[in-house]
Amino acid sequence: MKVDVLTLFPAMFAGPLDESIVQRARKTGALDLTIRNLRDYTHDRHKTVDDRPFGGGPGMLLKPEPIFEAVEDLAREKTRVILLSPSGRKFDQAIARELAQQEHLLLICGSYEGFDERIREHLADDELSIGDYVLTNGALPAMVIIDAVTRLLPGVLGDDESSHEESFSHGLLEYPHYTRPADFRGMKVPEVLLSGNHAEIAKWRAEQAKLRTKERRPDLLD
Ligand SMILES: Nc1nonc1C(=O)NCc1ccc(Cl)cc1
């Protein structure tokens, strides 16, 4: 999968995507990621990317020209152009699976007070939010989406790593996990997990996942 990110803050991407699973996916070629500076698509001396809103109001908006020019330069026939902003549909594991099927994603990081509406109307295929809170810009949302999607690409996760995806994809929260020691300062591991009775263990885990989901995320049970 090819992913291009359009951002005003390329330096923010150094680090999280150069480690662990995403780094491995980039090395094997499963993920071809390029972080692109929106200012490279300006032509004035000040590299202007934002301007005041017509009709007044606080803050600045991302101008249409640099973004239209960047998308027209980078997009191909199968590119999915995605705006990142609090106004988007809520990103979740189902959407991560949907995006993992795409050949090319072009993520446009929102910032300031938002985008000129013509970007939404005439350029974007989708708009996603990672949650109902206001961040400084779209860099962290882009990294969250890249992380979640990359893990779903073929060959990226080893067999013993993908268990995490499966359990969450059942739409339930994880059951409790324990490892050695069996008794830590008197805090004991549930007996069933030491019993070797795999049917009982599976039953206990299913019950715990459902109980935990009911307590913390009843919405997932609807
Ligand atoms: N939450 C989020 N999910 O995706 N992106 C965000 C986010 O806060 N982006 C920064 C931002 C904040 C305000 C405006 Cl108007 C536009 C973009």
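Residues numbered from 1 in each chain as written. Predicted model: local features only at pLDDT ≥ 70, side-chain atom pairs only at ≥ 80, totals over all residues. Heavy atoms only, no water.

Per an unreviewed UniProt entry, the recorded name for the protein is tRNA (guanine-N(1)-)-methyltransferase, and the organism is Pedosphaera parvula. Turning to the protein, the UniProt annotation filed under Subunit (unreviewed entry) states: "Homodimer." (UniProt positions renumbered as here; feature names shortened; annotations may be inferred.)

### Let's talk about the side chain of R80
With respect to the element layout, R80 can be found in strand 5 (residues 79-90). With relative accessibility at 19%, the residue R80 sits in the buried group. Residue contacts for R80: discarding those within four places in its chain leaves R89, E98, L99, Q102, H104, L105, L106, D125 and D126. (Helix = DSSP H or I, 4+ residues; strand = E, 2+ residues; numbered from the N terminus. Buried < 20%, exposed > 50% of the residue type's maximum accessible area, 1.4 Å probe, protein only. Contact = heavy atoms within 4.5 Å.)

### So, the site of the ligand
In the vicinity of the ligand there are 17 residues, among which E113, I130, G131, Y133 and L135 approach most closely. Contact distances for the ligand include 3.5 Å between a nitrogen atom and a backbone N or O atom of S85. In the model, a nitrogen atom of the ligand is placed 3.5 Å from a nitrogen or oxygen of the S129 side chain. Bound to the protein, the ligand loses 91% of the 410 Å² it would expose on its own. For the shell around the ligand, the secondary structure elements donating two or more residues are strand 5 and strand 7 (126-129). Among the elements that take part in the shell around the ligand, strand 5 stands out by supplying three residues, more than any other. (Near = heavy atom within 4 Å. Polar contact = N/O pair within 3.5 Å; in protein donor to acceptor, adjacent residues only side chain to side chain. Areas by Shrake-Rupley, 256 points an atom, 1.4 Å probe, with all protein chains shown as cover.)

### Overview of the sheet that holds strand 7
Taken together, the five strands give an open sheet; going across it, the order is 2-1-6-5-7, and neighbouring strands pair in parallel fashion. Looking at which strands have only one partner, the edges of the open sheet turn out to be strand 2 (32-37) and strand 7. On average, each strand axis in the sheet is tilted by 30° relative to the strand beside it, whichever way the strands run. Examined bridge by bridge, strand 5 and strand 7 share five bridges and lie parallel to one another. Directly across from I82, in strand 7, lies its bridge partner D126. Packing of helix 3 (residues 93-100) onto the sheet brings it into contact with strand 5, strand 6 (104-109) and strand 7, and relative to strand 5 it is tilted by some 165°. The sheet contacts of helix 5 (residues 139-150) involve strand 1 (2-7), strand 2, strand 5, strand 6 and strand 7, and relative to strand 6 the element is tilted by about 155°. (Pairing = 2+ DSSP bridges. Axes fitted to C-alpha atoms, helices over the stretch in contact; angles between N-to-C directions.)

### Some details on helix 3
Taken together, the buried positions of helix 3 are occupied by Q93, I95, A96, L99 and A100. The arc that holds the buried residues of helix 3, viewed along the axis, is 155°, so those residues lie on one side. Between the side-chain oxygen at the start of helix 3 and the backbone nitrogen of A94 there is a gap of 3.1 Å, and the oxygen is on D92. (Arc of directions from axis to C-beta.)

### Notes on the domain arrangement of the protein
Accessible area lost upon the coming together of the parts serves often as the stated size of an interface. Domain annotation for the protein reports domain 1 (2-152) and domain 2 (167-220). Put simply, the middle of domain 1 and the middle of domain 2, counted by C-alpha atoms, are 37 Å apart. (Domains from an automatic or database assignment.)

### Points about the pattern of salt bridges
Working definition: two side chains of opposite charge can pair if their charged atoms are close together. Overall, the coordinates contain 18 salt bridges when judged by the stated rule. The salt bridge partner of D126 is R80, with a shortest N-O separation of 3.0 Å. With D126 in strand 7 and R80 in strand 5, this residue pair connects regions lying 46 residues apart in the sequence. A salt bridge links E207 to K203; the nearest nitrogen and oxygen atoms lie 3.6 Å apart. Linking E207 with K203, this pair stays in helix 7 (residues 198-216), spanning four residues, or about one helical turn. (Salt bridge = Lys/Arg side-chain N within 4 Å of Asp/Glu carboxyl O.)

### Considerations on the nonpolar core
By size, the foremost hydrophobic cluster in this structure holds 33 residues, and its most contacted members are V3, V5, F91, L99, L107, I145 and I146. For this core, the elements supplying multiple residues, two or more each, are strand 1, helix 1 (20-28), strand 5, helix 3, strand 6 and helix 5. Per-element accounting of this core gives the leading share, seven residues, to helix 5. With residues up to four places along the chain from it excluded, the contact list for L107 reads V3, D4, V5, L6, I82, L84, A142, I145 and I146. Among the nonpolar cores identified, the runner-up in size contains 17 residues, and L6, Y41, A70 and L106 belong to it. (Core = buried A, V, L, I, M, F, W, Y, C linked by side-chain atoms within 4.5 Å.)

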